[in-house]
Amino acid sequence: MTTKTKLPEGVTPEMVAGYKERHGEKNVKLAILMDEDGNELRQEIVRVPDRKTLGEFEKWLDKQPLKAKEILVQNCVLTNKEAIKAEDILFSAAYNALIELIPVGKFKLADL
């Protein structure tokens, strides 16, 4: 049984279907952005960073951290990008959500 998630204002099921078609069924998420006290500020649709986006992000991470963060937010926030970029707390919350979405592969090592 799946639960229905309430979509953010202005987001239609058709928009979500389009995002999922473009980015993959499991790669589109609802991010609930909160302030430092845990109060909900807004909800936005984001996508899991892909390999190309991660490559650009990592290229700038040591040299220009702000540029690296902007690359991640610009490419992975799918709704209300300008509002997110306009407020520091929203930008920070979105960035932190996206960092948590970075895929991390697991592995096991064995002696040969």
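Within each chain, residues carry numbers counting from 1 in the order of the written sequence. With pLDDT at 70 or above as the cut-off, local features in this predicted model cover only qualifying residues; side-chain atom pairs require 80 or more to be listed or tallied, and sums for whole chains, interfaces and linings still use all residues. The basis for every side-chain value is the complete set of heavy atoms in the structure, and neither hydrogens nor water enter the calculation.

Moving on, we come to unusual backbone geometry. Positioned with a positive phi, Asn80 is a non-glycine residue whose angle comes to about 50 degrees. Here Asn80 is to be found in the loop between α3 (65-76) and α4 (81-86). We call a residue buried when its accessible area falls under 20% of the maximum for its residue type, exposed when it is over 50%, and partly exposed in between, using a 1.4 Å probe and counting protein chains only. Owing to a relative accessible area of 39%, Asn80 belongs among the partly exposed residues under this scheme. In this description a helix means any DSSP run of H or I spanning at least four residues, a strand means any run of E spanning at least two, and both kinds are numbered starting from the N terminus.

Note on patches: the residues involved have over 30% relative accessible area and no salt bridge, like charges join within 9 Å, and the nonpolar side chains Val, Leu, Ile, Met, Phe, Trp and Tyr join within 5 Å. Calculation of accessible area relied on Shrake-Rupley with a 1.4 Å probe; when residues are assessed, cover is drawn exclusively from the protein chains displayed. When a carboxyl oxygen of Asp or Glu is within 4 Å of a side-chain nitrogen of Lys or Arg, the pair counts as a salt bridge. Judged by side-chain polarity, Leu30, Ile32 and Met34 come together as a nonpolar surface patch covering roughly 230 Å² of accessible area. If you trace the backbone, Met34 turns up in strand β1 (residues 28-34).

In this analysis, axes come from line fits to C-alpha atoms, helices being fitted only over the stretch in contact, and the angle between any two N-to-C directions falls in the range 0 to 180 degrees. Two elements in contact, helix α2 (residues 51-61) and α3, have axes separated by 7 Å at closest approach and are oriented at 165 degrees. With respect to each other, α2 and α3 are oriented roughly antiparallel. Where α2 crosses over α3, the two elements pack in a sense that is left-handed. Contacts between α2 and α3 pair Thr53, Glu56, Phe57, Trp60 and Leu61 from the former with Pro65, Lys67, Ala68, Lys69, Ile71, Leu72, Asn75 and Cys76 from the latter. Amino acids are sorted into nonpolar (Ala, Val, Leu, Ile, Met, Phe, Trp, Tyr, Cys and Pro), charged (Asp, Glu, Lys and Arg) and polar (every other residue, Gly among them). Within the contact of α2 with α3, the residues separate by chemical class into 8 nonpolar, 2 polar and 3 charged. The labels follow the angle: roughly parallel below 35 degrees, roughly antiparallel above 145, roughly perpendicular from 65 to 115, and oblique for the rest. A crossing counts as left-handed when the near helix is turned anticlockwise from the far one by less than a right angle, and as right-handed when that turn is clockwise. We call two residues in contact when some of their heavy atoms are within 4.5 Å.

The next point concerns the pairing of β1. A pair of strands is treated as paired once DSSP finds two or more bridges between them. Inspection of the sheet shows β1 paired to strand β2 (residues 40-47) by 7 bridges, in the antiparallel sense. Residue Leu33 lies in a different strand from β2, and its bridge partner there is Arg42. If you look at the hairpin formed by β1 and β2, you'll find 5 residues sitting between the two strands, and Gly38 has a positive phi there, around 85 degrees.

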